[in-house]
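Structural description and commentary
Here is how the chains run, residue by residue.
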Amino acid sequence: MAKPNAHYGDLKDSYLFYNIAQKTKRYLEEHPDKRLYRMGIGDVTLPLADAVIAALHEAVDDQADKARFRGYMPECGDAPLRSTIADYYRKRGVSLEDDEVFVSSGASDELGDILDLFDRSSKVLVMEPAYPAYVDANVMAGREIIHLPADETIGFLPAPSEAALADVLYICSPNNPTGATFNREQLKAWVDFANAHDSIILFDAAYEAFIEDDSIPHSIFEIEGARTCAIEICSLSKTAGFTGTRLGYTVIPKTLERCGMNFNAMWVRNRTTKTNGVSYILQKGGMAVFSEEGQRQIKANIEYYKNNARMLMRTLDELGIQYYGGKNAPYIWMKCPKGMGSWEFFDYLLNEIQVVGTPGEGFGKCGEGFIRFSTFGSAEDTEEAAKRMLSLLSE
Ligand code: PLP
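Residues numbered from 1 in each chain as written. Predicted model: local features only at pLDDT ≥ 70, side-chain atom pairs only at ≥ 80, totals over all residues. Heavy atoms only, no water.

1. Let's talk about helix H3 (residues 79–90)
How we decide: The secondary structure listing takes helices from DSSP runs of H or I that are at least 4 residues long and strands from runs of E that are at least 2 residues long, numbered from the N terminus. What a helix is expected to span follows from its residue count: subtract one and scale by 1.5 Å. Burial classes: relative accessible area under 20% of the type maximum marks a residue as buried, over 50% as exposed, and values in between as partly exposed (1.4 Å probe, protein chains only). Residue contacts follow a heavy-atom distance rule, with two residues in contact if any of their heavy atoms lie within 4.5 Å.
Between its first and last C-alpha, H3 extends 16 Å over twelve residues, near the 16 Å set by a 1.5 Å rise per residue. Every buried residue of H3 is accounted for by Leu81, Arg82, Thr84, Ile85, Ala86, Tyr88 and Tyr89. On its buried face, H3 is in contact with strand S2 (101–104), strand S7 (230–235), strand S8 (248–251), helix H9 (280–289) and helix H10 (292–319).

The following block contains the structure:
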């Protein structure tokens, strides 16, 4: 008999986005004359940059030409793109060899697939509130998960401690959902902790492009000692609007070893077995992201989202409401006013002003009492939502 992986039975229902969809659907059925201002979903809304679109078109034409046609791509990524991404790091003072960079189909795929490198008995640490995939991917594999609470009293940024002892440590900075960012000293403490305990950090840098402050590292590899204890997973989804196009990259230093095994070599073996490379067309589009023109254009898009963030932050400042994130991250993590719970405040905003956020409780217990606003919507909707919040919450 083919036995199913029984660990799937241990997964909790992913009720967060389902519940939001149900509640908004019901509201619209009951109020057909209303429209919603959706500030909940973490998906981009601006189209791809012109330089990327031009490169994608060119790549499609290459595939129609016998001389330029490309078949299977190298499993770990096309050499020019690996080198271009390594250059992107080198410009920030992080020295990488080209073959320490692996091209991927996005961070979600990698966050799941990379777990192949770790023994099933490995304990994993998830700082909560957290991006839900960290927990679910490990539940599916039957791993023990340590849920480390990261609440407001510590700015949602836990420091290493006995309670954090685990083999695999997830760190997401800038953080989804809280928008909190670890500074150099805080990350150095985690790197030292990981090296001291032979743990490995999985550093999720999906939002690095939103960092404005120089004091905040874009990469874990800006921290001394990280080359012996970290893997970095990054994505062009939010950086360059690739959520539907799919492209990312993963950095595994050749110096990362445990029990005499080399993680870079293992990942090469994994990719050459389990993938046939990312599409030529997408990699050519990805190359354009890192061109001078591409960088200018994606920065303009990020600036558009940052303007949305500034609009919301101004409103919350005016209201005197506590919030986190917004400056170095595309999320604003707002404290629900008047001691309201996450879902209670969600309902209040939906019913009173038709603004939809994401209840913080859905990201883990420590998220109770907070709501997450995404700044990836249109400027018009964000402005209207901010105006409505100002008038509702100053009452
Ligand atoms: N990591 C974090 C923290 C995210 O918020 C997301 C997407 O929202 C991802 C990873 C997944 O990104 P991708 O679109 O590259 O799969």
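2. Some thoughts on the side chain of Thr178
Looking at the element boundaries, Thr178 is found in the loop between strand S5 (168–172) and helix H6 (184–197). Given the relative accessible area of 1%, Thr178 is considered buried. Those residues in contact with Thr178 that sit more than four places away from it in its chain are Pro129, Phe156, Tyr324, Gly325 and Trp333.

3. Considerations on the packing of aromatic side chains
For any pair of aromatic rings, the description consists of the separation of the ring centres together with the inter-plane angle of the planes. Short version of the rule: Between the rings of Phe, Tyr and Trp (Trp by its six-membered ring), a pair exists once the centres lie within 6.5 Å; its type follows the angle of the planes, with under 30 degrees stacked, over 60 edge-to-face, and the other angles tilted.
Scanning the model with the defined rule gives 22 aromatic pairs in all. Geometrically, the ring pair formed by Phe156 and Tyr324 is edge-to-face, given 5.0 Å between the ring centres and 80° between the ring planes. You can see Phe156 sitting in the loop between strand S4 (144–149) and S5 and its partner Tyr324 sitting in strand S11 (residues 323–325), a full 168 residues away along the chain. Tyr324 gets classed as buried once you look at its relative accessible area, which sits at 17%. Note on Phe210 and Phe376: the rings are 5.8 Å apart at their centroids and 85° apart in plane angle, and the pair reads as edge-to-face. With Phe210 in the loop between strand S6 (200–204) and S7 and Phe376 in the loop between strand S15 (370–374) and helix H12 (379–393), the pair connects residues that are 166 residues apart, well separated along the chain.

4. Remarks on the sheet that holds S11
Counted only if it meets this: Only strands joined by at least two bridges in the DSSP assignment are considered to pair.
Here we have four strands laid out as an open sheet, ordered S11-S12-S15-S14, and antiparallel in their pairing. Strands with a single pairing partner mark the edges of an open sheet, and in this sheet they are S11 and strand S14 (358–359). Sheet topology places S14 next to S15; two bridges connect them, and they run antiparallel. Following the sheet pairing, Thr358 is matched in S15 by Arg372.

5. Here we look at the pattern of salt bridges
For the record, the criterion: Criterion for a salt bridge: a side-chain nitrogen of Lys or Arg within 4 Å of a carboxyl oxygen of Asp or Glu.
Counting across every chain of the model gives 27 salt bridges. We note a salt bridge from Arg92 to Glu222, for which the minimum N-O separation is 3.7 Å. Linking Arg92 in the loop between H3 and S2 with Glu222 in the loop between S6 and S7, this pair joins segments that are 130 residues apart in sequence. Between Arg271 and Asp113 there is a salt bridge, with the nearest N and O atoms lying 3.3 Å from each other. Separated by 158 residues along the polypeptide, Arg271 in helix H8 (residues 263–274) and Asp113 in helix H4 (residues 107–113) bring together distant segments of the chain. With relative accessibility at 7%, the residue Arg271 sits in the buried group. According to the relative accessible area criterion, Asp113 is partly exposed, its value standing at 31%.

6. Some words on the site of the ligand
Note the cut-off: Any residue with a non-hydrogen atom lying within 4 Å of a molecule or strand is treated as near it. Here a polar contact means two N or O atoms within 3.5 Å. Within protein one must be a hydrogen donor candidate and the other an acceptor candidate, and residues neighboring in sequence count only if both atoms are side-chain atoms. Computed with the Shrake-Rupley method and a 1.4 Å probe, the accessible areas treat only the protein chains shown as cover for residues. In this analysis a 1.4 Å probe is tested at points of a 1 Å grid over the protein atoms alone, and where it fits but cannot get out there is a cavity; an open set with protein on both sides within 12 Å along at least five of seven lines is a pocket; lining residues have an atom within 4 Å of a point. Think of it this way: if more than half of a molecule's atoms are within 2 Å of a pocket's grid points, that molecule is in the pocket or cavity. Following the grouping adopted for this structure description, the nonpolar residues are Ala, Val, Leu, Ile, Met, Phe, Trp, Tyr, Cys and Pro, the charged ones are Asp, Glu, Lys and Arg, and the polar ones are all others, Gly among them.
In the vicinity of the ligand there are 15 residues, among which Asp204, Tyr207, Ser235, Ser237 and Arg246 approach most closely. In the environment of the ligand, an oxygen atom lies 2.9 Å from a nitrogen or oxygen atom belonging to the backbone of Ser108. Note that an oxygen atom of the ligand is positioned 2.5 Å from one of the side-chain N or O atoms of Tyr207. Across the complex, the protein chains shield 92% of the 400 Å² of accessible surface that the ligand would expose by itself. In a pocket analysis with a 2 Å cut-off to the grid points, the ligand is assigned to the second largest pocket. Examining the composition of the shell around the ligand, we find that three residues originate from one element, H4, more than from any other. When its residues are assigned to classes, the shell around the ligand shows seven nonpolar, five polar and three charged.

7. Observations regarding the layout of surface pockets
Quick note on the threshold: Grid points are joined across faces, edges and corners, and a volume is the space filled by probe spheres set on the points.
Counted as a void, the largest pocket has a volume near 680 Å³. Lining the largest pocket we find 23 residues, and of these Lys12, Glu128, Val135, Gly362 and Gly364 sit closest to its centre. Those elements that provide at least two residues to the lining of the largest pocket are helix H1 (15–30), helix H5 (133–141) and S4. Tallied by class, residues from the lining of the largest pocket come to twelve nonpolar, four polar and seven charged.

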